[in-house]
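So you can see what is in the structure, the chains are spelled out below.
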Amino acid sequence: MICTVLDGLFDPVYLHQIDSLVRDIPLCTNNIANRKTYPYGTEGTHRLMGQILFNREDINTITTLKPECKDFFKILKVVEKELNAYFYCSQITVNVQHSGCDGTTHVDSPDPNDYTILLFSCATWNQEWGGQFQLCTPDGEVVEEHEYIPGRVILVPSKHPHRGLGPTEPYVYRSSVAFRVTPLDYHLRKNYQGHDA
């Protein structure tokens, strides 16, 4: 398997709280992934319905910090504990897809040291609604697929092409929270090489 899958980390009541929180976050229909142009980021790899909740340009520059982040940082801490790892978080986003809104095959970062942690944040989901997460070849051929299960966490190398499928059921919304992270030990080594500890 290319990615790590974690199930059963969160209590059902907590999942309903997170689901409710995600549903109350205002979404942008012009949310652009992997923005390439400066300063407005009008060009990127694909558009989706979502919201950037946290964005860190570098170690000292945070450009976005929404109040909801405190809840999502708690989730990241649970994942770190389960994986016995610590991460430098550069971005937290909420993504929402509706029927007919399949994601485009894309990568989140070309850096081989970056990872994406996905939380499937819908508290209730029927398997026949679809919403699978797919890992693909660069030309879009599916090499690995994972069911959308409430509370499921997936850790995937950010450089690996992937996409999420929209639900097959009308008026059902598939939501996920994406954390873009780098293992902290790598980040510290990269930034402090040659410095005395």
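Residues numbered from 1 in each chain as written. Predicted model: local features only at pLDDT ≥ 70, side-chain atom pairs only at ≥ 80, totals over all residues. Heavy atoms only, no water.

**Q** Help me out: how do you make sense of the side chain of Thr 116 in this one?
**A** When you line up the elements, Thr 116 lands in strand 6 (residues 115-120). A distance of 2.7 Å separates polar atoms of two side chains, one belonging to Thr 116 and the other to Asp 108. Engagement of the side chain of Thr 116 in a polar contact is seen with the side chain of Ser 158, the distance being 2.9 Å. Beyond its immediate stretch of four places on either side in the chain, Thr 116 contacts Asp 108, Ile 154, Leu 155, Val 156, Ser 158, Ala 178, Phe 179 and Arg 180. (Helix = DSSP H or I, 4+ residues; strand = E, 2+ residues; numbered from the N terminus. Polar contact = N/O pair within 3.5 Å; in protein donor to acceptor, adjacent residues only side chain to side chain. Contact = heavy atoms within 4.5 Å.)

**Q** Could you clarify how one ought to interpret the pairing of strand 5 (residues 87-97) in this entry?
**A** Of all eleven residues in strand 5, ten are buried, a share of seventy percent or more. In the sheet, strand 5 pairs with strand 11 (residues 174-183) via ten bridges, with the strands oriented antiparallel. What sits directly across from Val 96, in strand 11, is Ser 175. (Buried < 20%, exposed > 50% of the residue type's maximum accessible area, 1.4 Å probe, protein only. Pairing = 2+ DSSP bridges.)

**Q** In this structure, what is going on with the nonpolar core? I would like to understand it.
**A** The nonpolar side chains of a soluble globular protein tend to be buried, and buried together. Residues Phe 72, Ile 92, Ile 117, Val 177 and Phe 179 are the most contacted members of the largest nonpolar core, which totals 27 residues. Secondary structure elements with two or more residues in this core: helix 1 (12-23), strand 3 (46-58), helix 2 (69-83), strand 5, strand 6, strand 9 (153-157) and strand 11. (Core = buried A, V, L, I, M, F, W, Y, C linked by side-chain atoms within 4.5 Å.)

**Q** Explain the packing of aromatic side chains here, please?
**A** How two aromatic rings sit relative to each other is given by the distance of their centres and the angle of their planes. Per the stated rule, a full pass over the model turns up five aromatic pairs. Look at Trp 125 and Trp 129: their rings are 5.3 Å apart centre to centre, the planes differ by 85 degrees, and that puts the pair in the edge-to-face class. In this structure, Trp 125 and Trp 129 share a single accessibility class: buried. Among the aromatic residues, ring-to-ring pairing joins Phe 120, Trp 125, Trp 129 and Tyr 148 into one connected group. Cation over ring: Arg 56 sits above Tyr 88, and NZ or CZ is 4.9 Å from the ring centre. (Phe/Tyr/Trp six-rings, centres within 6.5 Å; stacked < 30°, edge-to-face > 60°. Lys NZ or Arg CZ within 6 Å of the ring centre and 35° of its normal.)

**Q** For this particular structure, what's the right way to read the pattern of salt bridges?
**A** It is possible for side chains bearing opposite charge to pair when their charged atoms get close. Tallied over the entire structure, the rule returns four salt bridges. A salt bridge links Lys 70 to Asp 71; its shortest N-O distance comes to 3.9 Å. The exposure class assigned to Lys 70 is exposed, which follows from its relative accessible area of 53%. (Salt bridge = Lys/Arg side-chain N within 4 Å of Asp/Glu carboxyl O.)

**Q** Would you mind showing me how to read helix 2 here?
**A** Every α-helical turn comprises 3.6 residues, leaving residues that sit three or four positions apart pointing alike. Here helix 2 is 15 residues long and its end C-alpha atoms lie 21 Å apart, about the 21 Å a rise of 1.5 Å per residue gives. Among all positions of helix 2, only Cys 69, Asp 71, Phe 72, Ile 75, Leu 76, Val 79 and Glu 80 are buried. Residue Asn 84 follows helix 2 closely and has a positive phi angle near 55 degrees. (Expected span 1.5 Å × (residues − 1).)

**Q** Even after reading the chapter, I still don't get the sheet that holds strand 8 (residues 142-146), so can you show me in this structure?
**A** Backbone hydrogen bonds are what pair the strands of a sheet, in a parallel or an antiparallel way. If you walk across this open sheet you meet the three strands as 8-7-10, and the pairing is antiparallel. Sheet topology places strand 8 and strand 10 (162-164) at the edges, where each strand pairs with a single neighbour. For this sheet, the mean inter-axis angle between neighbouring strands, taken without regard to orientation, is 20 degrees. Strand direction decides the pairing type here: strand 7 (residues 133-136) and strand 8, joined by four bridges, are antiparallel. Bridging across to strand 8, Phe 133 finds its partner in His 146. (Axes fitted to C-alpha atoms, helices over the stretch in contact; angles between N-to-C directions.)

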